[in-house]
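Understanding the architecture of this molecule
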Amino acid sequence: MHPDEVTCRQFIELITDYFEDALEPPTLDRVEEHLVMCDWCVTYLEQMQATIAALGELRTEPTHREPEPEVLSALASRGRDRA
Amino acid sequence: MAEALRAGDERAFRALFDRYHQVLWRTARGYVDSDAVAEEIVQETWLAIVRGIDRFEGRSALLTWMFSILLRQAHSHHARERRSLPLSSLSSDAYGEDGCSPDRFQKDDEAWPGHWATPPRPWQKPERRLLSLEAREHLKGALAQLPERQRNVLALRDVDGAPAEEVCTMLGLSPENQRVLLHRGRSRLRAALEEYVDQAGL
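Keep in mind the model is a prediction, meaning the values are calculated, not measured. (Residues numbered from 1 in each chain as written. Chains lettered and ligands numbered in written order. Predicted model: local features only at pLDDT ≥ 70, side-chain atom pairs only at ≥ 80, totals over all residues.)

Time to look at the overall build of chain A. A tally of helices and strands in chain A yields four helices and zero strands. Listing each helix as α and each strand as β along chain A from the N terminus yields α-α-α-α. The globule rule puts the C-alpha radius of gyration for 83 residues at 12 Å, and the 24 Å found for chain A is more than 25% above it. The C-alpha extent of chain A, read off along each of the three principal axes, is 75 × 30 × 15 Å. (Helix = DSSP H or I, 4+ residues; strand = E, 2+ residues; numbered from the N terminus. Rg over C-alpha atoms; globule rule 2.2 N^0.38 Å.)

In structure tokens:
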């Protein structure tokens, strides 16, 4: 094994930087070479993508999308104080 | 924007509100047990922002300042609720900050050091949805159990889809720090889902 190859164990620690486009050559090249050769790490990558997508499915919105009256009146009194 | 708030400019305030109410709520939601209490926290935060804008000196970004108020309110509610943190059932907690348990990889005296000893098995995707309702609950539970800063980053980046740069501003993180927290949180959640899939025999 070449000393500058990325191992599976190294790959899983680099995966977030890989997704974030924070890797540069030569590390980026080593990671991509590893993915060509290692089906298991491709599986890991797909699991990570599935996890991220699943988190997106958890998105809900708050029921109220309006500032409460108390907030608006506090804002209004600022305007009055300024005037 | 700070000047507009000081002057009581309602249109400017509403623009700020529309842009950030969601992410403030998402962050607050991680600290308490209900949507409604999270809503309370965020409304209190907006009130504190309007009332306290004179104290904002511009040494940090306005957004960072806003989030610091939110976190203060969230911590206060969390303490008042006296939630006992649920005991983590994740075996992934046993190995600290590694993305995956070191046992899963071959040791230095084995044939391929650093390569998978127990590789990940592909997950079967049930029908069209990525996750069954049960798996989703498991994921929600795992997210809730993450350490605070990891949970906040994941909630903002991956649940709400906020951009990295903005999340750094909101939480006062460097890009590197944010990536580390993102990495650790995602690794734990992947492991949690893997555990679920294995246990469910899928």
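After presenting the structure, the write-up continues.
All names here are of chain B. Domain annotation for chain B reports domain 1 (2-80) and domain 2 (127-202). Using only C-alpha atoms to locate each centre, domain 1 and domain 2 end up separated by 23 Å. Put simply, the parts of the chain that give the side of domain 1 that touches domain 2 at least two residues each are α2 (10-29) and α4 (62-81). No other element matches the four residues that α2 contributes to the side of domain 1 that touches domain 2. Residue composition of the side of domain 1 that touches domain 2, by class: four nonpolar, four polar and one charged. (Domains from an automatic or database assignment. Nonpolar A, V, L, I, M, F, W, Y, C, P; charged D, E, K, R; others polar.)

What follows is about the packing of helix α1 (residues 8-19) of chain A against helix α2 (residues 27-37) of chain A. Residues and elements named next belong to chain A. Relative orientation of the contacting elements α1 and α2 amounts to 115 degrees, with a least axis distance of 11 Å. Between α1 and α2 the crossing geometry is left-handed. Each of Phe 11, Leu 14 and Tyr 18 in α1 lies in contact with α2, whose residues at this interface are Thr 27, Val 31 and His 34. A class-by-class count of the residues in the contact of α1 with α2 yields four nonpolar, two polar and no charged. (Axes fitted to C-alpha atoms, helices over the stretch in contact; angles between N-to-C directions. Left-handed = near helix turned anticlockwise from the far one by under 90°. Contact = placed C-beta atoms within 7 Å.)

Listed by partner, the interface residues are 40 residues for chain A and 47 residues for chain B. For the side of chain A that touches chain B, the secondary structure elements donating two or more residues are α1, α3 (39-57) and α4 (69-82) of chain A. Among the elements that take part in the side of chain A that touches chain B, α3(A) stands out by supplying 13 residues, more than any other.

Moving on: the confidence of the model for chain B. Residue and element names in this part refer to chain B. With 88% of its residues at a pLDDT of 70 or more, chain B has an overall mean of 88. Residue range residues 86-95 is modelled with pLDDT below 50. Its contacts to residues more than four positions away, or to other chains, number 15 contacts. The ipTM assigned to the predicted complex is 0.90, against a pTM of 0.88. (pLDDT = per-residue confidence, 0-100.)

Right, let's talk about α3(A) for a bit. Taking 1.5 Å of rise per residue, the 19 residues of α3(A) would be expected to cover 27 Å, and the 27 Å separating its terminal C-alpha atoms lies within 8% of that figure. The complete set of buried residues in α3(A) reads Cys41(A), Tyr44(A), Met48(A), Thr51(A), Ala54(A) and Leu55(A). Looking straight down α3(A), one finds that the buried residues subtend no more than 135 degrees of arc, so they occupy a single side. Of the residues in α3(A), the exposed ones pointing more than 90 degrees away from the buried face are Asp39(A) and Ala53(A). Those residues of α3(A) that are buried are in contact with α1 and α2 of chain A together with α5 (133-144), α6 (148-159) and α8 (175-200) of chain B. (Expected span 1.5 Å × (residues − 1). Buried ≥ 20, exposed ≤ 12 C-beta atoms within 10 Å, placed from the backbone. Arc of directions from axis to C-beta.)

Relative to the helices and strands, Glu194(B) is located in helix α8. Judged by the 18 C-beta atoms lying within 10 Å of it, Glu194(B) falls in the partly exposed class. Taking the C-alpha atoms as reference points, Glu194(B) and Pro120(B), separated by 74 residues in sequence, lie 8.3 Å from one another. Excluding residues within four positions of it along the chain, Glu194(B) makes contact with Gln47(A) and Pro120(B).

Okay, unusual backbone geometry next. All names here are of chain A. With an omega dihedral of 0 degrees, the bond running from Pro 25 to Pro 26 counts as a cis peptide bond. As for its position among the elements, Pro 26 is in the loop between α1 and α2. Of note in the backbone geometry, Asp 21 takes a positive phi value of approximately 55 degrees without being a glycine. Along the chain, the position of Asp 21 falls in the loop between α1 and α2. Among the residues examined, Asp 21 registers 9 C-beta atoms within 10 Å and is labelled exposed.

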